[in-house]
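So the chains spell out like this:
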Amino acid sequence: MPLPKRSFSGIQPTGNLHLGNYLGAIKQWVKLQDTVDGIYCIVDLHACTATHDPVVLRRSVSAVAAFYLAAGLDPAKSTIFVQSAVGAHSELAWILGCVARFGELARMTQFKEKGEGRESVSVGLFTYPVLMAADILLYDANVVPVGEDQKQHVELCRDVAERFNATFGDTFILPEPLILGTGGRIMGLDQPTKKMSKSAGSPNNYIALEDDPDTITRKIKTAVTDTGGQICYAPEEKPGISNLLTIYSLLTGETMSDLEARYTGKGYGFFKRELTEVVVENLRPLQTRYRALKKDPAAVGEILRQGAERAAGIAGKTLSRARKRFGMEPV
Ligand code: TYM
């Protein structure tokens, strides 16, 4: 397969970023940045689809930006910006909303899970995947590195783009989701059959990227494991230990079979202590850089400003093309 030319992805600034966000998404972005033009967004418009506090939202935007940088995204190689700073996202979302179908949006698993059938949910939550399609299509992205939970949204994006192209002429590049085999879905520590999530009821569900060593130790110690006590990767039969092995393997680069061989007969307690060390030592440099960046909001702000400038240039061209095909004057 030829190398993809451009990658686009984003994270909502809601709540704590956790190990699932890092391993499923951000770590992939950092790995891609020497070979692909990466554009990474902090999707604050998406964060408003649930009830939010404007002051907290602004704070979370800065925190996520600092985490992108602390995790290794280099603004000299990757473009980092805030979604609401580029007006083209909202405008293309309206156009695509006139092309997407009510039925296909109603089938989105995430909407069904978050909406729980309530009439009081925002219309924004329903049209959320249309805005996400606009995000991706504006940048002619070939690949979208995300966790498994976003696969359906990227597929919807492809369907809407294909329909637009077929009706109004070739306009958009069809993107491919880029999802890790293991690690595309990191599970909750307290409930290893459900994905790790920032909106989980208990903080014991996730390891936040900001957690200190004591908190990480406690969370891994209380993580649910399986009956039997063997340390082997079998996600169906042993979801708890398999999830912990996945985290270990993704952080160290060691294969599952190497880990299984090393920990044969060692017991969960021993394995958990070693995993704790791996997690703490992997997050330590990231947390140190994060704390330094938090002390320099002007520098982070300037990176976001420059990112938005570049993003707006690319997005403006795609939006003009789409407007023209759709029957409007180009911008
Ligand atoms: P969000 O903010 O829920 O999650 C951000 C990224 O983290 C991944 N992720 C996980 N990966 C593995 N295991 C987990 N437990 C886990 N939890 C979260 C998500 O798959 C995602 O990649 N709709 C998106 C944001 C978005 C977007 C976009 C993404 C808006 N526009 C355009 C890509 C392209 C979302 O809510 O992600």
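Please read these numbers as outputs of a predicted model, since none were measured by experiment.

When we look at burial in helix α11 (residues 256-263), the residues that qualify are Met256, Leu259 and Tyr263. The arc that holds the buried residues of α11, viewed along the axis, is 65°, so those residues lie on one side. Buried residues along α11 sit against α10 (239-252) and α12 (268-294). Just downstream of α11 lies Gly265, where phi reads positive at about 70°.

The next subject is the domain arrangement of the protein. Domain parsing of the protein yields domain 1 (6-185 + 297-326) and domain 2 (203-292). Taking only C-alpha atoms, the centre of domain 1 and the centre of domain 2 are 29 Å apart. Carbon and sulfur atoms supply 75% of the area that domain 1 and domain 2 bury against each other, a total of about 1,500 Å² over both sides. When the area that domain 1 buries against domain 2 is broken down by residue, the three leading residues are Leu19, Phe67 and Ala70, summing to 38%. There are zero salt bridges connecting domain 1 and domain 2. Scanning the region where domain 1 abuts domain 2 turns up four residue pairs in polar contact (both at pLDDT 80 or more). Mapped by element, the contributors of at least two residues to the side of domain 1 that touches domain 2 are α1 (19-32) and α3 (54-70). When its residues are assigned to classes, the side of domain 1 that touches domain 2 shows ten nonpolar, four polar and one charged.

Further remarks concern the site of the ligand. In the region of the ligand, 28 residues are neighbours, and Tyr128, Asp135, Gly147, Asp149 and Ile186 sit closest. Contacts to the ligand include Asp135, whose side-chain N or O atom sits 2.6 Å from a nitrogen atom. Contact between the ligand and Gln150: a nitrogen atom at 2.9 Å from a side-chain N or O atom of the residue. Expressed as a share of its isolated accessible area of 710 Å², the protein-covered part of the ligand is 98%. Mapped by element, the contributors of at least two residues to the shell around the ligand are β1 (6-11), α1 and α7 (123-137). Tallied by class, the residues present in the shell around the ligand amount to eleven nonpolar, twelve polar and five charged.

Bringing the packing of helix α4 (residues 88-97) against α7 into the picture now. Here α4 crosses α7 at 120°, and the two axes come no closer than 8 Å. By the angle class used here, α4 and α7 are oblique. Considering the relative orientation of α4 and α7, their crossing is right-handed. In contact with His89, Leu92, Ala93, Leu96 and Gly97 of α4, α7 contributes Val130, Leu131, Ala133, Ala134, Asp135 and Leu137. Class assignment of the residues belonging to the contact of α4 with α7 gives a composition of eight nonpolar, two polar and one charged.

Rules used in this analysis
- Residues numbered from 1 in each chain as written.
- Predicted model: local features only at pLDDT ≥ 70, side-chain atom pairs only at ≥ 80, totals over all residues.
- Heavy atoms only, no water.
- Buried < 20%, exposed > 50% of the residue type's maximum accessible area, 1.4 Å probe, protein only.
- Helix = DSSP H or I, 4+ residues; strand = E, 2+ residues; numbered from the N terminus.
- Arc of directions from axis to C-beta.
- Contact = heavy atoms within 4.5 Å.
- Domains from an automatic or database assignment.
- Buried area = accessible area lost by both parts, 1.4 Å probe.
- Salt bridge = Lys/Arg side-chain N within 4 Å of Asp/Glu carboxyl O.
- Polar contact = N/O pair within 3.5 Å; in protein donor to acceptor, adjacent residues only side chain to side chain.
- Nonpolar A, V, L, I, M, F, W, Y, C, P; charged D, E, K, R; others polar.
- Near = heavy atom within 4 Å.
- Areas by Shrake-Rupley, 256 points an atom, 1.4 Å probe, with all protein chains shown as cover.
- Axes fitted to C-alpha atoms, helices over the stretch in contact; angles between N-to-C directions.
- Parallel < 35°, antiparallel > 145°, perpendicular 65-115°, else oblique.
- Left-handed = near helix turned anticlockwise from the far one by under 90°.

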